[in-house]
Amino acid sequence: MRIQPRRRLRRGVRGGAPAAGRGGRGNNKPAAGRTRRPRWPRLRTPEANRSNALHAGAWWIWALGLAAAASRTTNPLLLGLLVGVAGYVVAARRTDAPWARSYGAFVKLGLLVIAVRVLFSVVLGSPIPGTHVLFALPEVPLPDWARGVRIGGRVSAEQVLFALYDGAKLATLLICVGAANALANPARLLKSLPGALYEAGVAVVVAMTFAPNMVADVVRLRTARRLRGRPTGGVKAIVQIGLPVLEGALERSVAVAASMDARGYGRTADVPPAVRRTTTVLTLGGLLGVCAGSYGLLAAAGASYGLPLLIAGLLAAMAGLRLGGRRSVRTRYRPDRWGPRSWLVAGSGAVVAVLMIRAGTYDPEALHPPVVPLTAPTLPLWPAASILIGLLPAFVAPVPPKESTP
């Protein structure tokens, strides 16, 4: 019996036929059921996973940058643009996690703040002079020692508009914080805290997980009542849901803190007394510098000394936290990496804050439209363009698994 020698097949050839789409001499068309790979795969936003997920601190820096920009203006058009930027990024990059559902609650809280601010202005009066009287309330006579305080009286359009602008600024601040709560994982943010802040870490995790857990409990209880045929709206339903929601959210937050303590979070080691004293001086001095610098940036006349003092305070506080970290004996399992996308997200929020602060020095009237006399607010071009930089996370942050690349 004669053995036939094996035939050599060309690379990319199966059964003697030229392969399709392999770049050989055969047909270059892709085979059925196959898709051609993108030409520039690195330019596409990747799908989020455990290895490339964005650092939680980057989301908070981005949101605080938007909040700092909101604190520098009362222009309702710019404030609405900030809310729109935050809402678009949240809609594009949030997940199905419980903390991601808290953004709607912060938006409702912001609307409530505006309503309360306008109500207080109507009932308690305002120092803003006005000539366009809308209506008049019965005024309550007060003694002489309460001079300057008014309850009731005339309500002008100027004072209502001023209260509306002021309430919109505070509401925008809350919505920006809500965006950070919806995008950043509180557990991963807590894991990234320096070891010197272990005492505050337990309190932080309880505070940061309370609102998301409360929102998740509300959804769960309303779904259970709806399945049982019970009403989910009205005062009676709110009273019956309120206490279990508060109790469940607090219990879950405390359980997370207890699990951290059981895993050794907060264990300390002995360090020399000189290191402890130096750490205390640097940390307290740095925090005081941060507070004074932040006040200077928020004040109208403190922009010259606010930024240098803030930078010096941050450097001193970071040095103190670095030294204080020697007391921590815990290790981090798979620590989060601060990659280029984290720098882009955090930098976009910082750029928005810096450009808005800069705009307040050369065009303050555009950021603070007057209410006396009544004038319609205008949209300044360059501040609005700087706010649009805050949309960068919607295009560079990894896409959640449930969504596709926009």
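Values in this document were obtained by computation on a predicted structure and should not be read as measured data.

*Asks:* Sorry if this is basic, but what is going on with the overall build of the chain here?
*Replies:* When its secondary structure is counted, the chain shows 13 helices and four strands. Evaluated residue by residue, the chain yields a buried proportion of 35% over its 406 residues. Approximately 25,100 Å² of the chain is accessible, and the part contributed by carbon and sulfur atoms is 64%.

*Asks:* Looking at this model, I keep getting lost on the environment of Arg 341. Mind explaining?
*Replies:* Mapped onto the elements, Arg 341 comes out in helix H10 (residues 340-362). With relative accessibility at 27%, the residue Arg 341 sits in the partly exposed group. Each C-alpha atom of the pair Arg 341 and Ala 397 lies 6.3 Å from the other, and the pair is 56 residues apart in sequence. Here the side chain of Arg 341 touches Val 396 through a polar contact of 2.6 Å, landing on its backbone oxygen.

*Asks:* Where do I start with the layout of surface pockets in this structure?
*Replies:* To find the voids left in a structure, one rolls a probe of water-molecule size over its atoms. The computed volume of the second largest pocket comes to approximately 630 Å³. Along the wall of the second largest pocket there are 18 residues; nearest its centre are Ala 105, Lys 108, Met 214, Val 215 and Val 218. The set of elements that each furnish at least two residues to the lining of the second largest pocket consists of helix H3 (103-124), helix H6 (198-227) and helix H7 (235-262). Across the lining of the second largest pocket, the residue classes break down as twelve nonpolar, four polar and two charged.

*Asks:* Can you walk me through unusual backbone geometry in this structure?
*Replies:* Negative phi is the rule for most residues except glycine; trans is the rule for most peptide bonds. Each neighbour pair has its own omega, and for Val 372 with Pro 373 the value is 0°, a cis peptide bond. With respect to the helices and strands, Pro 373 occurs in the loop between helix H11 (364-367) and helix H12 (381-387).

*Asks:* I keep staring at the packing of aromatic side chains and nothing clicks. Help me out?
*Replies:* Each aromatic ring pair is summarised here by two numbers: the centre-to-centre distance and the angle between the ring planes. All told, the structure shown has three aromatic pairs when counted by the stated rule. Their ring planes at 35° and their centres at 6.5 Å tell us that Tyr 88 and Phe 395 sit as a pair that is tilted. Of this pair, Tyr 88 sits in helix H2 (residues 76-93) while Phe 395 sits in helix H13 (residues 393-396), placing them 307 residues apart in sequence. Taking relative accessible area as the criterion, Phe 395 reaches 45% and is therefore assigned partly exposed. Here Trp 338 and Trp 343 contribute two aromatic rings whose centre-to-centre distance is 5.7 Å and whose plane-to-plane angle is 75°, an arrangement assigned as edge-to-face. Its relative accessible area of 30% is what places Trp 338 among the partly exposed residues. Looking at Trp 343, the relative accessible area reads 58%, which means it is exposed.

*Asks:* Please clarify how the environment of Ile 151 should be interpreted in this entry.
*Replies:* Looking at the element boundaries, Ile 151 is found in the loop between strand S3 (133-137) and strand S4 (153-156). Beyond its immediate stretch of four places on either side in the chain, Ile 151 contacts Val 123, Leu 124, Pro 138, Glu 139, Val 140 and Leu 142.

*Asks:* So what exactly am I meant to see when it comes to the packing of helix H1 (residues 56-70) against helix H4 (residues 157-183) here?
*Replies:* Each pair of packed helices can be described by the angle between their axes along with the distance between the axes. Direction vectors running N to C along H1 and H4 enclose 175°, while the axes themselves pass 9 Å from each other. In terms of orientation, H1 lies roughly antiparallel with respect to H4. Residues Trp 59, Trp 60, Trp 62, Ala 63, Leu 66, Ala 67 and Ala 70 of H1 pack against Lys 169, Thr 172, Leu 173, Cys 176, Val 177, Ala 179, Ala 180, Asn 181 and Leu 183 of H4. Residue composition of the contact of H1 with H4, by class: 13 nonpolar, two polar and one charged.

*Asks:* I'm lost on the side chain of Ser 342 in this one. Help?
*Replies:* The residue Ser 342 is located in helix H10 in this model. Apart from the residues within four sequence positions on either side, Ser 342 is in contact with Leu 54, His 55, Ala 58 and Arg 337.

Rules and cut-offs
Residues numbered from 1 in each chain as written. Predicted model: local features only at pLDDT ≥ 70, side-chain atom pairs only at ≥ 80, totals over all residues. Heavy atoms only, no water. Helix = DSSP H or I, 4+ residues; strand = E, 2+ residues; numbered from the N terminus. Buried < 20%, exposed > 50% of the residue type's maximum accessible area, 1.4 Å probe, protein only. Areas by Shrake-Rupley, 256 points an atom, 1.4 Å probe, with all protein chains shown as cover. Polar contact = N/O pair within 3.5 Å; in protein donor to acceptor, adjacent residues only side chain to side chain. 1 Å grid on protein atoms, 1.4 Å probe; cavity = no way out; pocket = protein on both sides within 12 Å on 5 of 7 lines; lining within 4 Å. Points joined across faces, edges and corners; volume = space filled by probe spheres on them. Nonpolar A, V, L, I, M, F, W, Y, C, P; charged D, E, K, R; others polar. Phe/Tyr/Trp six-rings, centres within 6.5 Å; stacked < 30°, edge-to-face > 60°. Contact = heavy atoms within 4.5 Å. Axes fitted to C-alpha atoms, helices over the stretch in contact; angles between N-to-C directions. Parallel < 35°, antiparallel > 145°, perpendicular 65-115°, else oblique.

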